[in-house]
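One-letter residues, chain by chain:
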Amino acid sequence: HTLQGHTDRVDSIAFSNDGTRIVTGSMDGLVHVWDAANGEIIHTFDMDTYVFSVTFSSDDRLIAAGGLGTIAMEIDGTWIWDAITGELLTSFWGHEWGTHSIAFSQDNTRIATGGGWGNPVIGINDVTTGERLFRLRGYEVGDPDYASGVFSPDSSLIVTSAPLGGYPILIWDSETGEIIHTLDVSSVATIFSSDGTRIVTGGWDGTIRIWGIPSDQ
């Protein structure tokens, strides 16, 4: 299929975990949810601002998006919908100059949002209420970079990176917000293995590295 529905650059795409739906976010301000089998649009959400990141929750019941929301614009910048009905469940202000990355915890109770362009921090929010639980401040504020973070499969850890500034990868305790490990490499892309025992990183130098997570974590 060729999916036609956006009028500007598409910055983020995600499959549902069951493979039946696709969510896309674009600079045209729209979030589309598509039927993966026939290419038809199921839901459209008009954010009236650039959309940088989209994702499904692990149970496919929720969709989240992050975009260029600022207090001055009176636009929140982070939104969560019921993936079935399309109802907006909550929205909240994410980061100055937008939410550039977004990821659910595996138990779908928390969401990690990454700020960008001068504010490379990670916000951890309650999925139901949108309440900010804490921020992960491991990178220098003011640097023209963005931060991204993902939860481990058991939701106990968060790994973060800020690739443009050459910062190291940080591994955090997701409950306390404390840094547990520092990996001395800058990464453009970072993921956990499905069993949570390893992290894979991709760098500017074209190198893929696999890191073990200590068994006591």
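Look up: the structure comes first, before these words.
Since we're looking at a predicted model, the values are computed, not measured.

Asks: An account of a nonpolar patch on the surface is needed here, citing residue identities and associated values.
Replies: There is a patch of nonpolar side chains on the surface, built from Leu164, Val188 and Trp204 and spanning about 320 Å² of accessible area. Relative to the helices and strands, Leu164 resides in the loop between strand S14 (157-161) and strand S15 (169-173). On the accessibility criterion, Leu164 (40% relative accessible area) is partly exposed.

Asks: Explain the sheet that holds strand S17 (residues 189-192) to me, and be specific about the residues and the numbers.
Replies: Reading across the sheet, the three strands line up as S17-S18-S19 and stay open at both edges, with antiparallel pairing between neighbours. Sheet topology places S17 and strand S19 (208-212) at the edges, where each strand pairs with a single neighbour. Strand after strand, the sheet turns through a mean of 20 degrees between neighbouring axes, direction not considered. Sheet topology places strand S18 (residues 198-202) next to S19; five bridges connect them, and they run antiparallel.

Asks: Explain unusual backbone geometry to me, and be specific about the residues and the numbers.
Replies: The phi dihedral of Asp48 falls on the positive side, at around 60 degrees, and the residue is not glycine. Mapped onto the elements of the fold, Asp48 is located in the loop between strand S4 (41-46) and strand S5 (51-56). On the basis of relative accessible area, Asp48 is assigned to the exposed category, the value being 65%.

Asks: If you had to explain the pairing of strand S3 (residues 30-35) to someone new, which residues and values would you point to?
Replies: When you tally the buried positions in S3, you get five out of six residues, the bulk of the element. Bridging between strand S2 (residues 21-26) and S3 involves five bridges; their strand directions are antiparallel. Opposite Gly25, over in S3, you have Val31 as the bridge partner. Taking the residues between adjacent antiparallel strands as the criterion, S2 and S3 are bridged by three residues, where Gly29 takes a positive phi near 90 degrees. Relative to S4, S3 is paired through five bridges, and the arrangement is antiparallel. By the bridge assignment, Leu30 is partnered in S4 with Asp46. Between S3 and the antiparallel strand that follows it, S4, lie five residues; Gly39 among them carries a positive phi value of about 80 degrees.

Asks: Which residues make up the packing of aromatic side chains, and what are the values?
Replies: On inspection of all chains with the given rule, the structure shows one aromatic pair. For the ring pair Phe45 and Trp81, a centre distance of 4.2 Å and an interplane angle of 5 degrees mean the geometry is stacked. One end of the pair, Phe45, is in strand S4; the other, Trp81, is in strand S7 (residues 77-82), with 36 residues separating them in the sequence. Taken as a pair, Phe45 and Trp81 share a single burial class, namely buried.

Asks: Just give me the short version of the sheet that holds strand S6 (residues 62-67), but keep the residues and values in it.
Replies: Two orientations exist for strands paired in a sheet by backbone hydrogen bonds: parallel and antiparallel. Spatially, four strands are ordered S5-S6-S7-S8 in an open sheet, and the strand pairing comes out antiparallel. Each edge of the open sheet is held by one strand with a lone partner, namely S5 and strand S8 (88-93). If you compare each strand with its neighbour and ignore which way they point, the axes differ by 15 degrees on average. In the sheet, S6 pairs with S7 via five bridges, with the strands oriented antiparallel. Opposite Ile63, over in S7, you have Trp81 as the bridge partner.

Reading the values: the criteria
- Residues numbered from 1 in each chain as written.
- Predicted model: local features only at pLDDT ≥ 70, side-chain atom pairs only at ≥ 80, totals over all residues.
- Heavy atoms only, no water.
- Patch = residues over 30% accessible without salt bridge, like charges linked within 9 Å, V, L, I, M, F, W, Y side chains within 5 Å.
- Areas by Shrake-Rupley, 256 points an atom, 1.4 Å probe, with all protein chains shown as cover.
- Salt bridge = Lys/Arg side-chain N within 4 Å of Asp/Glu carboxyl O.
- Helix = DSSP H or I, 4+ residues; strand = E, 2+ residues; numbered from the N terminus.
- Buried < 20%, exposed > 50% of the residue type's maximum accessible area, 1.4 Å probe, protein only.
- Pairing = 2+ DSSP bridges.
- Axes fitted to C-alpha atoms, helices over the stretch in contact; angles between N-to-C directions.
- Phe/Tyr/Trp six-rings, centres within 6.5 Å; stacked < 30°, edge-to-face > 60°.

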